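Fold and contact review
One-letter residues, chain by chain:
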Amino acid sequence: MKKTELDLTTWNRKEHYEFFSSFDEPFFGIVSTVDFTKGYRIIKDRGYSYFLYYLHKAIKAANEIEPFRYRIEEGKVFIYDQIHASPTIGREDHTFGFSFIEFDEDFSVFQANAHLEIEDVRNSVGLRHTDNAKRLDSLHISSIPWYNFTGISHARHFQYLDSVPKISFGKYTKERDKIYLPISIHVHHALMDGYHVGLYLERFQELLNA
């Protein structure tokens, strides 16, 4: 959980940070789709989990786009060396629990760790809002595999000064010979702009195709 404080005095977004950090709702959201055709074929050919495959690529892309590793803590901005995932995991009784899955560049290692965490969540009850699930060096991720979406909002506790990016995935759709995956990204506007979300989507697409 290594981090470095960002020097606000030399940051070219200093005024943007000061402006948007005073908002009651400083998050903005973008909903888009990514071409899942090549990723889908890789998953089918190798027997991977759909969720874990795109989850791994989503975290990897976030680690490579620096503003996704920025967090606001007690009025200061910190850059984490590496971030992980805190996805919601569904259970057979239709409830869900929070989780924490550590990122690893090696997908096989990541997948093995994820399977252990998912099993723990499914064998538990309640929200499972543990200290790990609350870690700031993570992404809040959810999967909504039952339907496609063109818009999404999140429950927010405005008294809690949250700056963790929130990414949601919907049900993929097929159009002729293409497969598309809906993705929603909500981020803190004091830490990044639409340009950075665009960089993230571009890198995520490249990783799905790799």
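For the structure itself, consult the block above.
What this report covers is the structure whose coordinates are included nearby. Starting afresh in each chain, residues are numbered from 1 along the sequence in its written order. This being a predicted model, a pLDDT of at least 70 is required before a residue's local features are given, and a value of 80 or more before pairs of side-chain atoms are given or counted; all residues contribute to the totals for chains, interfaces and linings. In computing side-chain properties, one takes all heavy atoms of the structure into account and sets aside hydrogens as well as water.

1. So, the nonpolar core
Among soluble globular proteins, nonpolar side chains are generally buried collectively. Throughout this description, the term nonpolar core refers to a set of buried Ala, Val, Leu, Ile, Met, Phe, Trp, Tyr and Cys residues connected via side-chain atoms within 4.5 Å. Only protein chains enter the accessibility calculation, which uses a 1.4 Å probe; a residue is then buried when its area is under 20% of its type maximum, exposed when over 50%, and partly exposed in between. Grouped together as the largest cluster of nonpolar side chains are 44 residues, with contacts concentrated most on Leu 55, Phe 169, Ile 183, Ile 185, Tyr 200 and Phe 204. With near-sequence residues (within four places) excluded, Ile 185 lies in contact with Phe 28, Gly 29, Ile 30, Phe 68, Lys 166, Ile 167, Val 197, Tyr 200 and Leu 201. Contacts: residue pairs with any heavy atoms within 4.5 Å of one another.

2. A few points about the sheet that holds strand E3 (residues 70-73)
Any two strands between which DSSP finds at least two bridges are classified as paired. Strands are runs of DSSP state E lasting at least two residues, helices are runs of H or I lasting at least four, and both sets are numbered from the N terminus onward. Overall, antiparallel pairing links the 3 strands, which are arranged E1-E4-E3 in an open sheet. Of all strands in the sheet, those bounded by a partner on one side alone are strand E1 (3-5) and E3. Each strand axis lies, on average, 35 degrees off the axis of its neighbour in the sheet, ignoring direction. Simply put, an axis is a line fit to the C-alpha atoms, just over the touching stretch for a helix, and the angle between two N-to-C directions goes from 0 to 180 degrees.

3. Examining helix H2 (residues 37-46)
Within H2, the full set of buried residues consists of Thr 37, Gly 39, Tyr 40, Ile 42 and Ile 43. Against strand E2 (27-35), helix H3 (50-64), strand E9 (173-175), strand E10 (178-188) and helix H5 (194-209) lie the buried residues of H2. Backbone geometry just after H2 places Gly 47 at a positive phi near 70 degrees.

4. Things to note about the environment of Glu 117
Tracing the sequence through the fold places Glu 117 in helix H4 (residues 107-122). Judged by relative accessible area, Glu 117 falls into the buried class, the value being 15%. Considering only alpha carbons, one finds Glu 117 and Ile 89, 28 residues apart in sequence, at a separation of 9.3 Å. Nitrogen and oxygen atoms within 3.5 Å of one another constitute a polar contact, given that in protein one can donate a hydrogen and the other can accept it, and given that sequence-neighbouring residues count only through two side-chain atoms. Of the polar contacts made by the side chain of Glu 117, one reaches the backbone nitrogen of Phe 100; its length is 2.9 Å.

5. Some words on the environment of Leu 181
Within the secondary structure, Leu 181 sits in strand E10. A relative accessible area of 1% means that Leu 181 is categorised as buried. For the pair Leu 181 and Glu 92, spaced 89 residues apart in sequence, the C-alpha separation works out to 24 Å. Leu 181 has contacts with Ser 32, Thr 33, Val 34, Phe 36, Tyr 54, Phe 169, Gly 170 and Tyr 172, leaving out every residue within four places of it along the chain.

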